[in-house]
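Structure assessment
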Amino acid sequence: MNLGGIYKDLGQLDQALAYTLKSLELTPDHPDALMNLGGIYKDLGELDQALAATLKSLELKPDNPDAHMNLGGIYKDLGELDQALAVTLKSLELKPDNPGAHMNLGGIYKDLGELDQALAATLKSLEFKPDHPDAQINLGGIYKDLGELDQALAVTLKSLEFKPDHPDAHMTLGGIY
């Protein structure tokens, strides 16, 4: 992993951005660095820059499932759900066992109002990574939206074991109670 990626994982986005941009000065067409840059910009809320960097990464490495997954997240945040769905499905075509892509797919289906498909995709994510706190939190929200409040409560409380300070989990609990 590069230094920019380490800083991103630590939540130090300004440092992550600086080191990733430096990396790209040295190797401007490095597809993984461009993908990381897109992720950093997404986390910073700079979606147009995130989109540009991720699309350039895919021009250089079109079969990168992680870049397709990230692009799906960017399109989702931009409200372009049909495009988000298409590229996330492409990511899963390239790497069917990616728990993050299944989790993202569940979120896209939830936003589209297709709760049964959202549930199936999120459960699939948890098959691959049962202790994924964000997938657990998403699952709780889906169960809540389906009116299965006992399931929603159990799953959301379980998610807090993994990530006790996650605001979405507490928001879901507030909606259940």
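Throughout this document, residue positions are counted from 1 along each chain, in the order its sequence is written. Residues qualify for local features only when their pLDDT is at least 70, as the model is predicted, and side-chain atom pairs are given and counted only at 80 or more; totals for whole chains, interfaces and linings, by contrast, use all residues. By convention in this description, side-chain values take in all heavy atoms of the structure and omit both hydrogens and water.

The numbering of helices and of strands both runs from the N terminus, where a helix is a DSSP run of H or I of at least 4 residues and a strand a run of E of at least 2. With respect to the helices and strands, glutamine 136 occurs in helix H9 (residues 133-145). With a 1.4 Å probe rolled over the protein chains alone, any residue whose accessible area is under 20% of its type maximum counts as buried; one over 50% counts as exposed, and the rest are partly exposed. Take glutamine 136: its relative accessible area is 5%, and that puts it in the buried class. At a separation of 3.0 Å, a polar atom in the side chain of glutamine 136 contacts the main-chain carbonyl oxygen of proline 130. The contact rule is simple, with two residues in contact once any of their heavy atoms fall within 4.5 Å. Contacts of glutamine 136, omitting those with residues within four sequence positions, involve Leu126, Pro130, Val155, Lys158, Ser159 and Phe162. Whenever two N or O atoms come within 3.5 Å, that pair is a polar contact, provided that in protein one can donate a hydrogen and the other can accept it, and provided that, for residues adjacent in sequence, both atoms are side-chain atoms.

A separate point is the layout of surface pockets. Whether a set of points on the 1 Å grid over the protein atoms alone is a cavity depends on a 1.4 Å probe fitting there but being unable to get out, while an open set qualifies as a pocket with protein on both sides within 12 Å along at least five of seven lines; lining residues are those with an atom within 4 Å of a point. Grid points are joined across faces, edges and corners, and a volume is the space filled by probe spheres set on the points. One number sums up the size of the largest pocket: a volume of about 1,400 Å³. If you trace the largest pocket, you find 43 residues lining it, with Lys42, Met103, Asn104, His132 and Asp134 closest to the centre. The element best represented in the lining of the largest pocket is helix H7 (residues 99-111), accounting for eight residues. Ten residues, namely Ala, Val, Leu, Ile, Met, Phe, Trp, Tyr, Cys and Pro, are considered nonpolar, four, namely Asp, Glu, Lys and Arg, are considered charged, and the remaining ones, Gly among them, are considered polar. Considering only residue class, the lining of the largest pocket consists of nine nonpolar, 18 polar and 16 charged.

When the terminal C-alpha atoms of helix H8 (residues 115-128) are compared, their 20 Å separation across 14 residues agrees well with the 20 Å that a helix rising 1.5 Å per residue should span. For H8, the set of buried residues is Leu115, Ala118, Leu119, Ala121, Thr122, Ser125 and Leu126. Residues of H8 that are buried make contact with H7 and H9. For a helix, the expected span equals 1.5 Å multiplied by the residue count minus one.

Next up on the list: the nonpolar core. The term nonpolar core refers to a set of buried residues drawn from Ala, Val, Leu, Ile, Met, Phe, Trp, Tyr and Cys, joined through side-chain atoms within 4.5 Å. One finds Leu37, Leu71, Tyr75, Leu105, Leu139 and Tyr143 to be the most contacted residues of the largest nonpolar core, which totals 43 residues. No other element matches helix H3 (residues 31-43), which puts six residues into this core. For leucine 139, the residues in contact, after removing those within four places along its chain, are Leu119, Thr122, Leu123, Leu126 and Val155.

Quick look at the packing of helix H4 (residues 47-60) against helix H5 (residues 65-77) now. Axis angles are defined between N-to-C directions and span 0 to 180 degrees, where every axis is a line fitted to C-alpha atoms and, for a helix, only to the segment in contact. H5 packs onto H4 with a crossing angle of 155° between their chain directions and a minimal axis gap of 10 Å. On the basis of the axis angle, H4 is roughly antiparallel to H5. Here H4 and H5 pass one another in a crossing that is left-handed. Two secondary-structure elements touch here, H4 through Leu47, Ala50, Leu51, Thr54, Leu55, Ser57 and Leu58 and H5 through Ala67, His68, Leu71, Ile74, Tyr75 and Asp77. Counted by class, the contact of H4 with H5 contains nine nonpolar, three polar and one charged residues. Angles below 35 degrees are treated as roughly parallel, those above 145 as roughly antiparallel, those between 65 and 115 as roughly perpendicular, and all remaining angles as oblique. A clockwise turn of the near helix away from the far one marks a right-handed crossing, whereas an anticlockwise turn of less than a right angle marks a left-handed crossing.

Moving on, we come to the environment of alanine 169. Mapped onto the secondary structure, alanine 169 falls in helix H11 (residues 167-176). Here the alpha-carbon distance between alanine 169 and leucine 153, two residues 16 residues apart in the chain, equals 9.8 Å.

Turning to the pattern of salt bridges, a few remarks are in order. The term salt bridge refers to a pairing of a side-chain nitrogen on Lys or Arg with a carboxyl oxygen on Asp or Glu at a separation within 4 Å. As enumerated under the stated definition, the model contains 11 salt bridges in all. Where lysine 56 meets aspartate 29, a salt bridge forms, and the shortest distance between an N and an O atom there is 3.5 Å. Within this pair, whereas lysine 56 is found in helix H4, its partner aspartate 29 is found in the loop between helix H2 (13-26) and H3, the two being separated by 27 residues in sequence. Its relative accessible area of 34% is what places lysine 56 among the partly exposed residues. With a shortest N-O distance of 2.9 Å, aspartate 77 and lysine 42 are connected by a salt bridge. Note that aspartate 77 is positioned in helix H5 and lysine 42 in helix H3, a separation of 35 residues in sequence. Judged by relative accessible area, which is 26%, lysine 42 ranks as partly exposed.

With respect to the helices and strands, the residue leucine 89 is situated in helix H6 (residues 81-94). For leucine 89, a relative accessible area of 39% puts it in the partly exposed group. Put simply, leucine 89 and tyrosine 19 are 70 residues apart on the chain and 31 Å apart in space, counted from C-alpha to C-alpha. Beyond its immediate stretch of four places on either side in the chain, leucine 89 contacts Leu105 and Tyr109.

As far as function goes, none of this settles anything; it's purely spatial.
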